[in-house]
Structures are given as C-alpha cells and as structure tokens.
Amino acid sequence: MYCSCCFSLPNSSGFSVATMNGQLKKCHIAITSFIDSCSPFLIPSSLSPSLCDSSHNLDSLPIVAVEMIHSLFLINHSGDIFLEKHWKSVIGRSVCDYFFEAKEKAAEPEDVPPVLQTPHHYLISIYRDRLFFLSVIQTEAPPLFVIEFLHRVVETFQDYFGECSETVIKDNVVTVYELLEEMLDNGFPLATESNILKEMIRPPTILRTMVNTLTGTSNFEERLPSGQLSTIPWRRSGVKYTNNEAYFDVIEEIDAIVDKSGTTVCAEIQGVIEACVKLTGMPDLTLSFMNPRLLDDVSFHPCVRFKRWEAERVLSFIPPDGNFTLMSYHVNAQNLVAIPVYVKQNISFFESGSGGRLDLTAGPKQTMGKTVEGLVITVHMPKAVLSASLTATQGSYTYDPATKVLVWDIGRLNPQKLPNLRGSLSLQAGAPKPEDNPSINIALKIQQLAISGLKVNRLDMYGEKYKPFKGVKYVTKAGKFQVRT
Amino acid sequence: MYGCGFSAFRLEARGAMKAALVSAENLQLSLQPELSQEEQALTRARRCHDHKEAQGPGNDELKEMLESNKESLKLEAMKRIIGLIAKGKNASELFPAVVKNVANKNIELKKLVYVYLVRYAEEQQDLALLSISTFQRALKDPNQLIRASALRVLSSIRVPIIVPIMMLAIKESASDMSPYVRKTSAHAIQKLYSLDPEQREHLIEVIEKLLKDKSTLVAGSVVMAFEEVCPDRIDLIHKNYRKLCNLLVDVEEWGQVVIISMLTRYARTQFTSPWQEGVSFDENNEKAFYDSDSEEKRDETETKPYMMDPDHRLLLRNTKPLLQSRNTAVVMAVAQLYWHLAPTHEVSAVTKSLVRLLRSHREVQYVVLQNIATMSIQRKGMFEPYMKSFYVRSTDPTHIKTLKLEILTNLANEANISTILREFQTYVKSQDKAFAAATIQAIGRCATNISEVTDTCLNGLVLLLSNRDETVVAESVVVIKKLLQTQPTQHSEIIKHMAKLFDKITVAMARASILWLIGEYCERVPKIAPDVLRKMAKSFTSEEDIVKLQIVNLAAKLYLTNSKQTKLLTQYILNLGKYDQNYDIRDRTRFIRQLIVPNEKSGALSKYARRILLAPKPAPLLQSAFKDRDRYQLGTLSHSLNLKASGYQELSDWPAVAPDQSVRNVEVIEPQVNEWVPTVGKSKPAKSAKSEDKFYSDSEGEQVDRKGSKNSSSSSNDSSSSSSSSSSSSSSEGSGSEESDEETSDESPKSSSQSGEGSSESETDQKKEKNKKNTDSKAKSKAVNSESEENNNMVSSSSEDGSASSSSDSDSDTEQKKSSSRSKPKVHERPPKEVSLLDLDDVAPSAPTTPKASAYSPSLLSDLEGLSLSSVSSPMQVTVQPFGPVKSHELLHHMSGKGLSARYHFPRQPFLYQPSMVQLQITLTNASDQPLEGIHLGEHSPASLTLHRFSPVERLEPQASVTVSMGIDFNDSTQAANFQLCTKEAEFSVSIQPAVGELLLPASLTQADFEKEQGKLLGMNETSATITMAEGHCSSAVLNKQVRSMANLGEVITGHNNTHRFAGRTVSSGALVLVTVEKREAADATITVNTDKSVMASMLLRDLKQALASA
C-alpha cells in the first residue's frame, strides 16, 4: 500500500507520515521537487539510495512546469552571496558556482554573459551598482522579462533607500525582503509600480523607525492600495499638497562617435523627460511641444494616452505622484546633430617603446552660445602604459595604473583659454610600442539647452480647480560620446 | 456540473483538514524536546554544519523573544530571523515558535511570519498544518488584502496534504468579488499545479472561468496560468480572443508580455500565412526570403488569394501601440509577434523600437542584439537604415561588440560594404584582441558574401599579416586560407604576395598556413613554390614544429608535381626531418617518405600518393553563427541560448486551411458592471447584439463595455478612443472593402487583396505625411511607390519595403557567381534604388552613371587600403574610364614633376566612400623614361582638411598612365586643398581649387517643390543679377548645357519656356542651391540663386554670369 520510500523518510525531512489513501503519488512529486530544490549536499546520504531503489518509476512523472523567476541571489563585487530569496522551493547556493565560473572567465564584470545555462537551471543576471542580481529560472521564459524585472528591483531599491549598495541592502534587509515578497508572487510580478509598493510598505525614515520601535506600529498598510485595483495603478488616491507643483526636465544626451580627423562617424540624440509632479487630487495634464515633429521614436510611461499622441502629438496623462520618467524619445536621425565640443588629440608612442607623448586640447564647437560645464575627458590607455606625468592648464587629472584609465576633469570650458593637457607617458619596460591608440570618452553638461531644439509649448491642467506652479528645465549631456584616435 | 465538483471538493477538503488537525495534535505532543530517533538521526546530519552560525547563542534568545508578550520584541525577533533567512542560514529550528504568531494582529509581524512560513513549510510540513486554519479563517475576511494574502501564503505552502484545501480556496477565490483576489487565485493555480499535476482537470475549469473575467488585473495572471497548466487547450482561448486583444493595452505590463506570447502561438494555429506570394508586392523579394519553406504554400496560393482574417488584423493593430511601452520585455514581445505573424512588409514597423531598446541597460542590449542578429539574416532591409546604431564603441562589453559585429556583417551588401569595411578597419586596431580577431572573421565573411569585394578584402587581409599582434596575424591567415579555398581560381597573385611577405612574418601559425597554401596550390605558382622550399630547406632546423610539419608537407606536394626541380631538396628535407627532436616530425617524415618515394616495400600505396596528398579539399563554410537560430521563437530563452530550454513550446507552422473563424464569435455580452471597481462615471450600457459581419463594431462595443469598469480616466478616454477610431478608420475601411469584394466578387480577387493592403499602406503613408521633415530618401521611395501604384501591376510598397526589395536584389547579387548574366542587368534596371541604399539621396536619376563595378572599385580599393597597418602597397592596378563633362585641369606638369604629370577632373559623381566628399579623379602619367615607383599622397594642409587618399600606385612604367580617384571634403568652400604628391624619390606640392559648381550634386525636384523651397530661401538667401546673354546662348538647350557644364546641377522640368530652373545640393552639408534663369526680351536674362550659403551664391552667380555672357 505505502511505498517503501515513504516509510523510510524520517519525519523532519519534510514528508508526512500521515499519508492518506491516494496520497501516494503526491508524495513522490514532493520528492522530485525536493530533489530539484536541494543542492546535493543537503540531501542526507541515506535518502538517495532509497530513492533509487524505489519501485516507482520516477521518470514517468510529468515534468512539473514552474514559475518564471525561481530564486534571486545578490552577489557583491568580490563574489560573496549576501542575500538570497526564493519564491518557491529553495535552490542551493551551489547553483551560483556556474555563474562564478563565467565571472572568472570574463575580464570585466560587465563582460559576464547575462544569460547562462546550467544542467538544471538557467541563470539570468544583471550587473548594476557593482552588484550582481542573479535570478534562477527553471523553464523557458522571455529573458528580457526577467532582465527588465531585475532592473525594476534595483530601481525600487534606489527609490526606497536612495541608493542600491550592499551596505544599504544589508541594513534594510527586512524591508528588502518585504519588497521582494510583494513584487513577485510565485515568480510572476505582482506589484512593481512604486506608488503601490510605497503605499503597502512605507520607505524607511529615521523618524518612522524610531516611532515604530516606541509604539510598535508597523510599516504596513492594512488596506489594499487603491492603485492596485484602479485602471491607473500608478497614482494613489487622496493626494494632498499645499504647494501644487509640476516640474519637467528635458534631458538630452548626445551619442556620437567622432573619428580621428574630427569627422562625425555617427551621432544621434536621445532624450528623456523626467517629471516631478506634486499635485493634489486627480489632475489631468496635457503637455504640448512647439516642434513635436523632431521626435522620431518615443516610449511613454504607461500613464500617457498613446492614441492622443498618435492623433494630436500631445502628451495627455494623469501623472503618478512624485518623480517619474514621462517619456523617452529619439530625435529624427536626419537632423544634423550639433557636436558641442571638439578634442584635439595627439597621442603617440615612441618607436623605441620606452614611452610616449600625450597632448589633448578641448574646445567648444557648436554650443549654441551656452557654456559647457562638467567637462570630463576619459582616456582608456593601452595596457602597456605604466604611468603618466602630465600638466593640465585647467582642471585636474588622475591616472589609474590598474585600470589604465586617464581621467581629466576639466569642469567649465572657457572658450577664451582652451584647456590643454600635455606631458609624457611611460611604458612598461620591454613592452613593444602599442599599436592601438586609446579612445577618448567625453562627458559634459550644458544647462538651459536642449540640443535638438525641442521646446515645450505649454502645460495645461484639467480636472482640478487650483492653479499649479509649473516649470520646465532643459539640459544637454554627452551620452556615449567617443572620439577615436 | 460545477456545483457537483465543488461539493465533492468540500468533502475532500474536510477530510484533509481533519487529518491535518489530527496530525497537528499529535505533533503538539511531540513538540517536546525529545525527538523521535529517526528524526534526530536525520536532523543531526543536516544541522551540524550550520549549527555554529545559525544556532549560536542567538537562537534561544530569539525563541524567548518570540514567546514574550511584547509585540515589539516579537517583531524584532522576526526581523532578525528574516535576516538569517536572507543570508541563507538555517532558521528552521524556530519553526514552532514562529508559527504560533501566525494569527497575530500586527500586520507587519504577520507578513514576516508568512515569509518564514513559506520558506520552511516544506521542511516542517506537520507544523505548518497548524497555521492552516488561520488562513482558512482569513479567506473569509471582509478585507480583500487579507483574503488575498491568505490565499497567497496558503497556496505557497508546499505541503501535499492540503491540496484539497487549496483547491477549494482557489475555486472560491476565483469567483471573489475583488479582482485582486481573483488575480491571486490565478497565481495560486500555478502553484497548486506544480504541487499536484493531478488536479489539472479541475484547474482547467477554474482557468476557463477566469479567462472570461473582464478585469485587466486578472487577464495577465490567468493567461500565465493557462500557459503553464494547459498550453495545448487552445480551444479555451477562442471565445476570449477578441476580448484579450482589446484589453491588451490596459493590462499591466508583465501580463502584456505573457498574453502577447500566448496570442502569437494562438494566431499561428488559427490563421493562414500572410506570407504568400499573392500578397507580396515583389515576387522576387518574397521568393528570396521564403524560398525554403514555401513549397507547399505555393500550390495553395494558386487556388485562393490570401485575405487576412479580421481577427488576425485586430491582433496586429492592437499590439502595435505597445511598441511604445517603456517595458523592454513588452516591446520585444510585440516585435516577435510581428516577426512571426505580420505580413512581410509590415514587420519593419518594429525596427525603430528595437533599435531604441539598444539605449537601455547592457543586458537588455545583449538580448535585443541577439534577436536583431537573427532577424537581420533574413531581412537586411529592416535594419540597414539603422546601421550606424550598431557601430561598436570601445567601451562596449565584449559580448555586445561581437553581436554588433555580427549584425554589421549580416547587413553588408554591395552598397554599404565600403562604409562597413571602413568601420571594420577601426575595429581591427582594437585593444580587445579577441574582438579584433572576430573582426577579421567578419571581413572574411563579407568577402565571401559579396563577390565584388573579395579581392580587395583579400588584399587587406594580406596586409594584416605584417601586424605585430599574433592573434591578428593568425586570424588573418586562417581567414585568407578559407577565402582562397572558396575561390580556387584566381589567387596566384595573392599566394605570390604572401610568399614575398613570408620572410617578414614571424608568427609560427601564420608561416605554417602560408606554407600549406603554397603547397596546396603549388601548381599555380610553379616558379615560386620551389624557391620557397629552397629557402625553407635552409632554415628548416630553426623553424618551429608546426612550420616544420608544413615544410615536409610542401616538399611532398612539390615532389609529386615538380619532382624534377625539387627531388634533391625534398630528399634533403626528409633527411633533416628524420633526425628531428620532435617525434611528430620524425613520424611524418617517415610516412611521407614511404608514401611518395616509390620503393618495393611501399607497394600500392605510393601509386595513390598524388590522390592522397593533392585531393581537392572542401572549402570551409563562412556563415553567421545566427544562421539557424530562427528555428526558435524570437525573444525566448531558447533563442538566447540557442538550445531548447525545458518547457519551450514550438511555434507551429501556419495551417494550410484556416480553422473555423466563427469559434471566436461571442454571442451576447451582458453588460456587467463590476461593483468592486471604484467607478466614478456612470457605466454605459454596452452594445449588445452583434452580427457576424459587423466585427469592428463588436470590438468597439467591447471597448465601451470596458470603459464602464474604468474610473475617472474614462472621460479622457472618450476622446482618445474617438481619435483612435479616426486613426484606424482607414484600415477598417480597407477591410470593409475586402468584405464588400467578397460579396460582390466582380472585381478580380487580386485587386481585393490589394485594396486591403493599400489601406494599411495608406495608414503608414499618412503617418509619413505628418512627419513633414521627411528624409529625401523616404520621399524618393515614396515617389517610387506612387509610380508603382500608377503602373498598377505592382502592389504599392512602403519605403521600408523599397529598401527591403532592393536589398534582396543585392542578395541575389551575391549569387552572381553562378549566374552573373542573369542578375547583372538587374543592377542596371534599378539605379535609383541602388543609389538610395547608399544614402546618397540627392543624385538625380538623370545624372550619368557608369556601370557599377568600375564606378566604385577604386573607392573600394582605397577602403581596403586603409586596412593596412603597414605601408606595404597593394599589388592591384587601377584603371578607370573618365567620363562625364570632362574639363580636366592640370595638377602637376611633367617638367616640375620630374617626369610625373598629373591632371584631375571632377567626375561629378557622389563619392561612395564618404558622401560629404567631392570625388575627383587624377590621371597620373609617367612622361619620363624611367619607371616611377610608389606614387602616393603625402602631407596635406590645412589640417582641418579631410581627404580620402587614393591607393598608392606601386609602379608606373614610362609613358604609362593610370587614373586614381580620391575624395576631398571641401566643406562647401572654394578654399584650395593643398597636398603633396609623392613618388619614391621626390615630393611635389600641388593644390586643387575647385570651381564652386563642382561642390554641388544635382537634386531632382518637381516644380512645385522647387517653388516651395525657393519660398523659404528669400531675402538674404537670394542673390540675383541681370545679364545680357551671348548670342547663341538663347536657345533652351544651349542654355541648359551651359549652366550644367558650369555647375553640377539638375534641371527642374518646367512648363515655362522662358524660365529655366536648376537645383542642387552642396556636397558637404547638403544645403539646397536653387538657380533660376529667366529670359527677358532680347538677350536679357535674370539669374537668381537661392541658397543659404551666401558666399557660394555670389560665387556661383559670378561663374554663371561668365558662362552665359561669354561667347
């Protein structure tokens, strides 16, 4: 009647002795899932043989389909697992060994392939803020689904704790756990909208922690957040502010590759509109542009009514409360992109292989009459470069001999007196002259300018009586801006 | 039936509960410290190793805290326990103490207990049962959050004994009033299924019920459950199909992903293929793409023209807006849906969005690039306009770089190969040597795919052999070897060259490969091979082992083919090899000797030596690593890993005949107001009765229906839905006409499908019209469109399709090797399209074009010249026919050039290498009696000047001349370009000052466009002058000729006899230049120049005045 293995299993191993009629098979399923979930060393040695001897054919059981994301491991830069969370049965840490193997092989943490395969599981990982977020899945699932979710987790942590680092996560481990519990149910995303989460689990503040410890009140909301049920899950109801404000930052980034001679190989402009909306009630906003035709490809926060955009090219939306990214866009590729700065570079190595010279000058190119700020030039040197002794007419430079990265922080660009960095490079003794020249990356910032020329026309609010305070700010930054040498 | 099953469950659940309670009672007794013997035996083994960390002094303390009366202490204890769990430490010891708090009032404490319970329930099944009754009570709680979380935890406890209880709870929750609880129950279905697959049938019942749910909250979760429990029960979807399509936009993003991928599978089983040739606008194109799998389809298309099922269209239309989602997974899901379901010409709608995703995080890029790589193999045209987005940055991680390289290689065709090769040339120099090696492989692939550049690529690769880096050299040799094997006819030159380079190459692998090549093709280089062998015989002892092996090999092959010259050498080498230190070499020597030198012992084998050693070797195949990835559905894990992941569901092939469509009809939809949704506005009654043919009103009715369940956003949604109906009206009209066609069927079936197609085109066209800032290329292909529409024998194509079709042309060009006669004329047939692929938008079709091959071989050659990292010159000779209005200018007189004379002219063609450069051709003549060597370009000034050098001329015999082409970016100024022309002995400074007319390229405009553009360039941008024309210039033809010989402008056809209009663009910046010549009475005329380049305008005016006024 009972199968032998059920009897041989001790009570505490997780299998019920009080087996009922007809429960036989279920017991075996539990065994299979148990084996699946335990790393080998967790299975008591006495158990395995009895399973093998079992008169039941385990193979004939159907493969049990499981959820999307099974487990999550947080791994720090040096390869320690400092947090784990399982949404189903526990998967042993040993599964991470496959990941560590791949990490060993990669030169940089960025080089670890995001999707890996192990004999029984698939590992999908992201690397952000010097942390690996490694998720384990067991069956087919869209990799982007998992990747996107992991990034959402990071963003939620940043939202809650201000940053996402090992210390912060360790300090707030309970909140982290509560968040993860709410964000995924059985491996499937449940609540990822930060507004809903914040209603359920309040972000920690010093004051609240103190009050909680004194009074014993909790961080938890007892009611289901209204957002979870409404068709506008991003906004909570009953928002009240004394000062009603809505700010929009139009941030544009120039991605460009400029070749040796200063010719632009490719250049494009990507923009985002970051919003900070603190408005009472349920405002319905409409944002229109002077020149919406500039926008070539757009993606929106779910709050934006797409059909309205299609028809009229205006953004109509009920905003989430607080900070959010309203839209991101790509500027029509046919428009010529103004390149705000140029870098004249002369990096050469001596034939003898003993050293080289470096001479960099930065200057304004098409700045539309604005000042370039926060100019930082980063040079990735060839491996053979040991050190650099340079003099900068403006700003300061650092050379990290470990990563071979030269960073020259210029700051504000003065068109009258162009900043220059020159000096000599010394090479490793005996190393041959490097064949490849380093590439130069540029970071910069121009305030009060959207380089594409995009302009917000007006912002209107409907649905509420009060008059909000409105503001639009423009910033241009360098995105992936690279000069080839 | 349902009720019956329900009560049965209740019974079973009661039984299970009883059992649970009994066991719980037992356990409470056995909770005393003394554990049963077997229990102890097992737990000891497990616990002893984490005993120290987890169980230290803290555990008892925690237990005490949990048992205290103070809430805060309990909470603190729970928090610490969670900390332990998070660290992966074992806290199962505390299970009894924790479980007691499951009914605690403090919600945070309760939550934490839940977390603990879910984690350890499986290990402590019996104790876990203690908590069950608490959850059962909570399931009846008036607070929906409590009901939902109770269900969540209950279903997460993986204890088989409570399966009936779970089943009951799920069934009850599935009809809960709160959509949130229903959503939770959908999640619970999957959990229960994985715990006990035997419940499948009952669970399917629940799924069926939940699929009918109208809440957007539930839709995603229930489809997820469907996918896991019964993905094969496609019949459950029929009735809900239209609803799901219509709800899709409002479903939360994660649900969207799941629903889209489910609908993709569904559509592949329910609709017929939209890829049949009947619909395609370009037969050739279609065949090229789907040749392999369209065998069966072909017969069936003959019988019936394709008409898209309105439901199929509905799915495509409703998913399209999701391309704008901020969630990358959603965008990818839509992209794969379009890839697998949409008609061929609509797939390119997803391109832009996919390219946008490349801006996202590195991991996202990785997955998206993988998918693009697969797509770009089949459909180059889709991504070609975005080629620059795949340019590699030195800061990209290696795997991203390799993927981008893969895509660039896939995109390469005759038109863009020069740009791509130029890009590759930067990559070869990359610090990342693995990437540099991959680039060389990619060059090899380009060379095999595009026969025109094979030779130039080969030359470039040969030059790389003198690179200092071993990886680069080894890789180039390997690739050269492969290339030569694929093209065994015409490479004696290269082998000779490699033989020449041989002395300079030090990398053993490279040397060995060269020796192998010489040996393999020794009959083609009969003079060099023995000589190389001679040299090798001298240096044999100092070579590395692999080189020695190849020397032996070479000797053997030469012995067989040319024994007269090499007999002694071979003997000598074989003797050296016989006493080598390495046993491999000794063995090989012995073997070779036996094989080739006939003696009595060797017997029959040596007769076959020739056939053994000189057997033709099969050429290695250079192809994409993503070649066969398309067998997996895009966007899936299996696709990413290129192997079948467990649980992967194959996408079925299209059915030959569509299954019954009527299964998707929903009879009557009752207006169901959902009271649990906070409704603000009054819910509107839904339209009820729907007849079959009124499909679209059906969907609208659904929308209205849904609106009822919306709160305050409904008002704004009104406007949006109205706008949507206007935007979609064109397509619905199209389908309407389809239907009417069906009824009347007096028109030919083909035209009916056309009208359907045309309507969807017009949608995209409309959009384009909105985008006033259209690119010229788009405009042009639109012009092509309208043309073809006029012709009416081709279905209109959108601009993307235009490029797709021409790219497929180029596909077929690669097949030219086999049948050049067939595809050659095709190239000539479509010069405008070819040109538009090049991004050289402004070439008037009237502009003279030379036969392609000769037109860009010089520029290609010079591209490849850039591949060289050393100054070794390429052995190729260049000759180009001069053409066009040749007005050649002296560059260097042979007196001042010490015998070298140079003349240049502007061929007035766009420079293929860099569109912003002006092409000029230089004819170099050797007027001396000595051969001139190494003619190349030297220093140039000003420094900002960019010019594209011609490839050095290695040797110019006396009285011979050669024409080379170079490009100069004059930056739209007539400032002279100074540079040095160098020979091996001397350097000569020369300068080119272009006439302003040469800085232009003709633009083709219609009269209307011309006037519109002219209207924009008034005021400061207009310059005009009145002149008296010279006699004989008054006739239109002469005037035309005169102006166009002066400046490289295109004529605008006007009806007016007295006004002549010309249009062009500056080469460098593409600024429009418009010239109007208006004849007055007698010989007077007004010349007007409109352009925003005022300096150019005045100069052009001066030149034109001269040209027209002079005799």
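Model, not experiment: these values are computed from the prediction.

Here we come to the overall build of chain A. The number of helices and strands found in chain A is eleven helices and 23 strands. Counting all 485 residues of chain A, 59% fall into the buried class. Taking the intrachain contacts of chain A between residues at least 6 apart in sequence as the baseline, contacts between residues at least 24 apart amount to 68%. Surface accessibility of chain A: about 19800 Å² in total, with carbon and sulfur atoms responsible for 52%.

Further remarks concern the packing of helix α46 (residues 1036-1046) of chain B against helix α47 (residues 1094-1109) of chain B. Residues and elements named next belong to chain B. Running from N to C, α46 and α47 cross one another at 140°; their axes reach a closest spacing of 10 Å. One finds that α46 runs oblique with respect to α47. Between α46 and α47 the crossing geometry is right-handed. When α46 is examined against α47, the residues L1039, Q1042, V1043 and M1046 are found in contact with a partner set consisting of D1103, L1104, A1107 and L1108.

This next bit is on the pairing of strand β23 (residues 469-483) of chain A. Along any regular strand, the residues point their side chains to alternate faces of the sheet. Residues and elements named next belong to chain A. Sheet analysis places strand β8 (residues 245-258) next to β23, joined by 13 bridges and oriented parallel. Bridge pairing links E245 to F469 in β23. In this structure, strand β21 (residues 439-447) lies alongside β23, joined through five bridges in antiparallel fashion. Of the residues in β23, the one forming a bridge with Q447 is V475.

Time to look at the sheet that holds strand β10 (residues 284-289) of chain A. Residues and elements named next belong to chain A. Pairing is antiparallel across the open sheet formed by three strands, whose spatial order is β12-β10-β22. Looking at which strands have only one partner, the edges of the open sheet turn out to be β12 (314-317) and β22 (456-462). Direction aside, neighbouring strands of the sheet carry axes that sit 15° apart on average.

In this section: the packing of helix α7 (residues 173-183) of chain A against helix α4 (residues 71-86) of chain B. For any two helices packed against each other, one specifies the crossing angle of their axes together with the interaxial distance. Interhelical geometry of α7 of chain A versus α4 of chain B gives an angle of 70° and a closest axis separation of 9 Å. As summarised for this structure, α7 of chain A and α4 of chain B are arranged roughly perpendicular, according to the angle between their axes. Contact with α7 of chain A, carried on its side by V173, V174 and Y177 of chain A, involves K79, I82, G83, I85 and A86 of chain B of α4 of chain B and no other residues of that element. Of the residues in the contact of α7 of chain A with α4 of chain B, the class split is six nonpolar, one polar and one charged.

Adjacent strands of a sheet form backbone hydrogen bonds with each other and so pair up, either parallel or antiparallel. All names here are of chain A. Overall, antiparallel pairing links the five strands, which are arranged β2-β1-β5-β4-β3 in an open sheet. Where the open sheet ends on each side, the last strands, each with one partner, are β2 (81-86) and β3 (115-117). Each strand of the sheet is rotated relative to its neighbour by a mean of 20°, with strand direction disregarded. Bridge count between strand β1 (residues 71-75) and β2: five bridges; the pairing is antiparallel. Bridge assignment links L74 to a residue of β2, and that residue is L83.

The subject of this paragraph is the pairing of β8 of chain A. Residues and elements named next belong to chain A. Summarising burial for β8: ten of the 14 residues are buried, a large majority. Pairing between β8 and strand β9 (residues 264-278): 14 bridges, direction antiparallel. By the bridge assignment for β9, I257 is matched with C266.

With that out of the way, let us pick up helix α5 (residues 143-161) of chain A. Residues and elements named next belong to chain A. In this model, α5 (19 residues) spans 27 Å end to end at C-alpha, consistent with the 27 Å of a helix rising 1.5 Å per residue. Of all the 19 residues making up α5, 16 are buried; the element is thus mostly covered by neighbouring parts of the structure. Within two residues after α5, G162 carries a phi angle of roughly 85°, on the positive side.

Our next topic: a nonpolar patch on the surface. Side chains of L605, Y608 and I612 of chain B sit close together on the surface and give an oily, nonpolar patch of about 290 Å² of accessible area. The topology assignment puts L605 of chain B in the loop between α34 (583-596) and α35 (609-613).

Quick look at the environment of E274 of chain A now. Position of E274 of chain A relative to the elements: it lies in strand β9. One polar contact links E274 of chain A to T325 of chain A, side chain to side chain, over a distance of 3.0 Å.

We now examine the environment of S1069 of chain B. Residues and elements named next belong to chain B. Mapped onto the elements of the fold, S1069 is located in the loop between β13 (1059-1066) and β14 (1072-1079). With a relative accessible area of 33%, S1069 lands in the partly exposed category. Note: C-alpha distance between S1069 and S916 (153 residues apart in sequence) is 6.9 Å. Other than its neighbours up to four places away in sequence, S1069 contacts D972 and K1093.

So, about α47 of chain B. Residues and elements named next belong to chain B. Here α47 contains 16 residues, and its C-alpha end-to-end distance of 22 Å stays within 8% of the 22 Å for a straight helix at 1.5 Å per residue. When we look at burial in α47, the residues that qualify are M1096, A1097, M1099, L1100, L1101, D1103, L1104, A1107 and L1108. Looking at the packing, one finds that the buried side of α47 touches β10 (1000-1002), β11 (1022-1028), α46, β13, β14 and β15 (1084-1090).

A few words on the side chain of S376 of chain B. Residues and elements named next belong to chain B. Position of S376 among the secondary structure elements: in helix α22 (residues 362-378). One polar contact links the side chain of S376 to the main-chain carbonyl oxygen of A373, over a distance of 3.0 Å. Setting aside residues no more than four positions away along its own chain, S376 makes contact with F383, I407, N410 and L411.

What follows covers the pattern of salt bridges. Residues and elements named next belong to chain A. Across all of its chains, the model carries 56 salt bridges over all chains by this definition. As a salt-bridge pair, R412 and E373 come within 4.0 Å of each other at their nearest N and O atoms. Of the two residues, R412 sits in the loop between β19 (405-411) and β20 (420-427) while E373 sits in strand β16 (residues 372-380), which places them 39 residues apart along the sequence. Look at E373 and you get partly exposed, because its relative accessible area is 25%.

We now examine the confidence of the model for chain B. Residue and element names in this part refer to chain B. On average, residues of chain B carry a pLDDT of 72, and 70% of them reach 70 or more. In the model of chain B, helix α43 (residues 831-837) stands out as the element of lowest mean pLDDT, 38, in contrast to helix α20 (residues 328-341), which has the highest, 92. Note that residues 27-56 has pLDDT below 50 and, in this model, 32 contacts with residues that lie over four places away or in other chains. Contacts from residues 278-303, a stretch scored under 50 in pLDDT, to residues over four places away or in other chains number 40 contacts. Here the complex is predicted with pTM 0.65, and the ipTM for its interfaces comes to 0.82.

Overall, the coordinates contain 23 aromatic pairs over all chains when judged by the stated rule. Seen from their ring centres, F149 of chain A and W254 of chain B are 5.9 Å apart, and the 75° between their planes marks the pair as edge-to-face. Taken as a pair, F149 of chain A in helix α5 and W254 of chain B in helix α16 (residues 253-270) lie in two separate chains rather than in one. Overall, the relative accessible area of 1% leaves W254 of chain B in the buried class. On the numbers, 6.2 Å between centres and 65° between planes, the contact of Y247 of chain A with F469 of chain A is edge-to-face. You can see Y247 of chain A sitting in strand β8 and its partner F469 of chain A sitting in strand β23, a full 222 residues away along the chain. Joined through ring pairs, the aromatic side chains of F99, F100, Y127 and F132 of chain A make up one cluster. Positioned above the aromatic ring of Y120 of chain B is the side chain of R119 of chain B, whose terminal nitrogen or guanidinium carbon lies 4.4 Å from the ring centre.

Rules behind the numbers
Residues numbered from 1 in each chain as written. Chains lettered and ligands numbered in written order. Predicted model: local features only at pLDDT ≥ 70, side-chain atom pairs only at ≥ 80, totals over all residues. Heavy atoms only, no water. Helix = DSSP H or I, 4+ residues; strand = E, 2+ residues; numbered from the N terminus. Buried < 20%, exposed > 50% of the residue type's maximum accessible area, 1.4 Å probe, protein only. Contact = heavy atoms within 4.5 Å. Areas by Shrake-Rupley, 256 points an atom, 1.4 Å probe, with all protein chains shown as cover. Axes fitted to C-alpha atoms, helices over the stretch in contact; angles between N-to-C directions. Parallel < 35°, antiparallel > 145°, perpendicular 65-115°, else oblique. Left-handed = near helix turned anticlockwise from the far one by under 90°. Pairing = 2+ DSSP bridges. Nonpolar A, V, L, I, M, F, W, Y, C, P; charged D, E, K, R; others polar. Expected span 1.5 Å × (residues − 1). Patch = residues over 30% accessible without salt bridge, like charges linked within 9 Å, V, L, I, M, F, W, Y side chains within 5 Å. Salt bridge = Lys/Arg side-chain N within 4 Å of Asp/Glu carboxyl O. Polar contact = N/O pair within 3.5 Å; in protein donor to acceptor, adjacent residues only side chain to side chain. pLDDT = per-residue confidence, 0-100. Phe/Tyr/Trp six-rings, centres within 6.5 Å; stacked < 30°, edge-to-face > 60°. Lys NZ or Arg CZ within 6 Å of the ring centre and 35° of its normal.

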